[in-house]
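Here is how the chains run, residue by residue.
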Amino acid sequence: MSEFDLTRFVQTVDRIREKAIEEGRLKDNPSGEVLRQLLEKQPGVRKTMYENFVADSEPTSRSAMFTKNSVDNSFGQSEEELLAQCEEVLAKEKLISIDRVVGNINSGTTVRLIVPERFAHIAYGGGNLFAPPKQEVKEPTYQILFFADDAFMSNHSKPLPEKDITIRLAMLPDGRYVKIIRNGNYIGEYKKGVFAAEDWAAKTRKGGIFLHAGCREDCLQSVHGDYRTVRTLLIALSANGKTTTTSRILARKGREKSWLIQDDGGTLMPDGSFRGFEAGGVFVKTEGVHPGEQPEIYYGLLKPETVCENVYVAEDADFDFYNFQRTSNGRAVILRRDFMHASPYIDVDKVDNLILITRGPLIPAISKLTQEQAVALMVLGQAMESSAGDPTQAGTIRSEFFYDPFIAGDLAEHANRFYEIIKSLPHLNLYLLNTGGVGEGEHYRDIRLETTMGVLDSLIRGGLEDWTDSPTGFQVPAAIRVVDDIYVHPEKLYSSSEFKEKQSELDKIRYQAVADIGDNLHADIISGFNKA
């Protein structure tokens, strides 16, 4: 779509870096200790009793509404002005440049991050998400650069929609990628910059499809007594339970083991394998974390090399994960080696289960899906908005295509590719998981974490063998060992006529959302839901 010469993004970033090197203003791949020292000097950074650091970001979330990519948008004068301003501003700043490997250490894909020293927490925390390269990186695959102008400070007092922010993603035909962030220093913009690059590369150059998914591996004793290794992908929008359900340990006896493979993304390949993209650390949400429900995350937050953003620190230098005075979108980067059961690998050769996570009062706690229903639900992408997306809309139910705000290119082609891949994987089981609640008003039943994990435990151990048709249009388990039946029969929480009316309206919404993708969408996907 774009006639703008996208190589100008690469050339601008290269000039900025080269000039800073010539003038002695750039720290090139400094050690972790040097980065810690720079972080400690960063204005507003607080050191906790655990010897780790907390920085406040501006904004406190991603800035999707200010983001454009070169695939879906025409670049022109405004991008020329952005590049010129970026070069002018950073010519006066001391800079940090770090190189990292995307994916496993032998992937051949690298990312270079360039930030002003006053944004050192992005370099230290964000850099911990990925593995350092074994050798010098001369031409990085992806480049991500942050800068700020005079509007940065005044943005602090404005709600997200009113802030003065510009973010541009240049996706070059040769696979190179540049992201420039003006007036933002949220670590998530760096992480999601790599995410978006991998999203595009997966379907244009790598032959798979990138999914907003966590991946777990469990070797558990099945209901039949044998030990089975099961790999599960859990797909969701941010703050809908993906990291928690992916990281919660199910192993509890004998030779059982539970591994966290990846918590937030990777590529599903046509052969059924999954390739993670973050080999260094885990990016977690800290809201309400406590050792009773999330011990894996909680104790990782207390490690000295963990870097936090927007987390409240009390006067005694301890964390308060329940204080949301500034934002509920507290975040942290925990090194994989500090995450109790992070696996030594981020790729698996076979995925057994693919689970979509959603919320809604008519949706059973778990449902079994056909391939067509699974793709249609991915197109719908129904989930709850969080403070990680748009804090002004947190808590509302919304739809996001493929649970992924970073997809570029034709949506029908994207959905069709996913359909082609899962059709070639007859062993792949497809499910829908509700992590919210069922029913409404006085009949509402909250689906608590222990309920969700009880469902997953039974599923992975092979305990959900019998499935029955449900008036929700899916199949539900005949029984779940540790979960009350009401959680898979939301129709019992309504009168027959009320449920039928609400289900019919939901089916219409689902059908229309899928049909709106256009005629290029595979006909079988459109038929995933009745028109009603």
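Source: prediction; values computed, not measured. Sequence order sets the numbering: in each chain, residues are counted from 1 along the sequence as written. The model is predicted, so local features are restricted to residues of pLDDT at least 70 and side-chain atom pairs to those at 80 or more, both for listing and for counting; the totals for chains, interfaces and linings are taken over all residues. Here the side-chain values reflect all heavy atoms present in the structure, with hydrogen atoms and water set aside.

(A) Spotlight on helix 11 (residues 449-460). The terminal C-alpha atoms of helix 11, which comprises 12 residues, lie 16 Å apart, in line with the 16 Å expected from a rise of 1.5 Å per residue. Only protein chains enter the accessibility calculation, which uses a 1.4 Å probe; a residue whose area is less than 20% of its type maximum is buried, one above 50% is exposed, and one in between is partly exposed. Where helices and strands are cited, they refer to DSSP runs of H or I of at least four residues and of E of at least two residues respectively, numbered from the N terminus. Among the 12 residues that make up helix 11, 11 are buried, leaving the element largely enclosed by the rest of the structure. Check the buried side of helix 11 and you find it contacts strand 11 (213-221), strand 12 (227-235), helix 7 (242-247), strand 20 (353-358), strand 21 (366-368) and strand 24 (429-434). One or two residues past the end of helix 11 sits G462, with phi positive at roughly 80°. An expected span of 1.5 Å times one less than the residue number is assigned to each helix. By definition, residues are in contact when any of their heavy atoms lie within 4.5 Å.

(B) Quick peek at helix 9 (residues 371-380). Helix 9 sits mainly inside the fold: eight of its 10 residues count as buried. Q373, A374, V375, A376, L377, M378, V379 and L380 are the residues of helix 9 that are buried. In the segment just after helix 9, G381 is the residue with positive phi, at about 55°.

(C) Layout of the sheet that holds strand 1 (residues 26-28). What makes two strands pair is DSSP finding at least two bridges between them. If you walk across this open sheet you meet the seven strands as 1-5-6-7-9-8-4, and the pairing is mixed. At either end of the open sheet lies a strand with only one pairing partner, and these are strand 1 and strand 4 (67-69). Each strand axis lies, on average, 15° off the axis of its neighbour in the sheet, ignoring direction. Across six bridges, the pairing between strand 8 (residues 166-171) and strand 9 (residues 177-182) is antiparallel. Across the sheet, I167 pairs through a bridge with I181, a residue of strand 9. Contacting strand 5 (95-101), strand 6 (110-116), strand 7 (142-147), strand 8 and strand 9, helix 6 (residues 187-204) crosses the sheet at an angle of about 150° to strand 7. Lines fitted to C-alpha atoms define the axes, with helix axes restricted to the stretch in contact, and inter-axis angles between N-to-C directions lie between 0 and 180 degrees.

(D) Here's a closer look at the pairing of strand 24. Burial runs high along strand 24: five of the six residues are buried. One ladder, built from six bridges, connects strand 20 with strand 24; its direction is parallel. If you follow T358 over to strand 24, its bridge partner there is N434. Looking at chain direction, strand 21 and strand 24 are connected through three bridges and run antiparallel.

(E) Seen up close, the packing of helix 9 against helix 10 (residues 411-423). Close contact between helix 9 and helix 10 brings their axes to 10 Å; oriented N to C, the two are set at 150°. By the criterion of interaxial angle, the relationship of helix 9 to helix 10 is roughly antiparallel. In this structure, the crossing between helix 9 and helix 10 has a hand that is right-handed. Across the interface between the two elements, Q371, E372, V375, M378 and V379 of helix 9 pack against A415, F418, Y419, I422 and K423 of helix 10. Taken together, the residues that form the contact of helix 9 with helix 10 break down as seven nonpolar, one polar and two charged. Orientation categories follow fixed angle ranges, with anything under 35 degrees roughly parallel, anything over 145 roughly antiparallel, 65 to 115 roughly perpendicular, and all other angles oblique. Throughout, a crossing is termed right-handed when the near helix is turned clockwise from the far one, and left-handed when it is turned anticlockwise from it by less than a right angle. Any residue outside Ala, Val, Leu, Ile, Met, Phe, Trp, Tyr, Cys, Pro, Asp, Glu, Lys and Arg is labelled polar, Gly included; the first ten of those are nonpolar and the last four are charged.

(F) Inspection of the pattern of salt bridges at higher detail. Any Lys or Arg side-chain nitrogen found within 4 Å of a carboxyl oxygen on Asp or Glu counts as a salt bridge. Going through the model one piece at a time under the given rule, you end up with 37 salt bridges. K163 is the salt-bridge partner of E58, the closest N and O atoms lying 3.0 Å from each other. Residue E58 is found in the loop between strand 3 (53-55) and strand 4, and its partner K163 is found in the loop between helix 5 (151-155) and strand 8; the two are separated by 105 residues along the sequence. With its nearest N and O atoms 2.9 Å apart, the salt bridge here joins K206 to E198. Three or more residues joined by partner-sharing salt bridges are found here, namely K191, K192, K242, D264 and E278.

(G) Layout of the side chain of S470. Tracing the chain through its elements places S470 in the loop between strand 27 (467-469) and strand 28 (475-477). Among the residues examined, S470 registers a relative accessible area of 11% and is labelled buried. Dropping the residues within four chain positions of it, S470 is found in contact with V476 and E491.

(H) Representation of unusual backbone geometry in the model. Here E58 and P59 are connected by a cis peptide whose omega angle stands at -5°. Relative to the helices and strands, P59 resides in the loop between strand 3 and strand 4. Even without being glycine, N29 reaches a positive phi, approximately 50°. Tracing the backbone shows N29 in the loop between strand 1 and helix 2 (32-41). Overall, the relative accessible area of 34% leaves N29 in the partly exposed class. In the Ramachandran plot, N310 falls in the positive-phi region, its phi being about 60° despite a non-glycine side chain.

(I) Spatial organisation of the environment of I249. Along the chain, I249 turns up in the loop between helix 7 and strand 13 (257-262). Taking the C-alpha atoms as reference, I249 lies 8.0 Å from E296; in sequence the two are 47 residues apart. Ignoring anything within four residues of it in the chain, the contact list for I249 reads R216, S258, E296, M340 and H341.

(J) Representation of the sheet that holds strand 19 (residues 347-348) within the structure. Within the open sheet, the four strands sit side by side as 10-14-15-19. Their pairing is antiparallel. The open sheet is flanked by strand 10 (209-211) and strand 19, the only strands paired with a single partner. Two strands pair when backbone bridges link them, and strand 15 (residues 274-276) and strand 19 are joined in this way by two bridges, in the antiparallel orientation. When the bridges of strand 19 are listed, R275 appears paired with D347. Sheet contacts for helix 10: strand 10 and strand 14 (266-268); angle to strand 10, the most-contacted strand, approximately 95°.

(K) Expanded view of the side chain of S247. With respect to the secondary-structure elements, S247 resides in helix 7. Apart from residues no more than four positions distant in its own chain, S247 is found in contact with R216, L260, E296, I297, F339 and H341.

(L) Representation of the packing of aromatic side chains within the structure. Only Phe, Tyr and Trp rings take part, Trp by its six-membered ring, and two of them pair if their centres are within 6.5 Å. Stacked means planes under 30 degrees apart, edge-to-face means over 60, and tilted covers everything else. Applying the stated rule across the entire model yields 20 aromatic pairs. Ring geometry for Y142 against Y177: centres 5.6 Å apart, planes inclined by 75°, an arrangement best described as edge-to-face. A residue pair is termed long-range when its members are at least 10 positions apart, and Y142 in strand 7 and Y177 in strand 9 qualify at 35 residues. Given a relative accessible area of 2%, Y142 falls into the buried group. Geometrically, the ring pair formed by Y494 and F499 is tilted, given 6.1 Å between the ring centres and 50° between the ring planes. Both residues of the pair, Y494 and F499, count as buried. Among the aromatic residues, those joined into a cluster by ring pairs are F130, Y190, F195, F210, F277 and F406.

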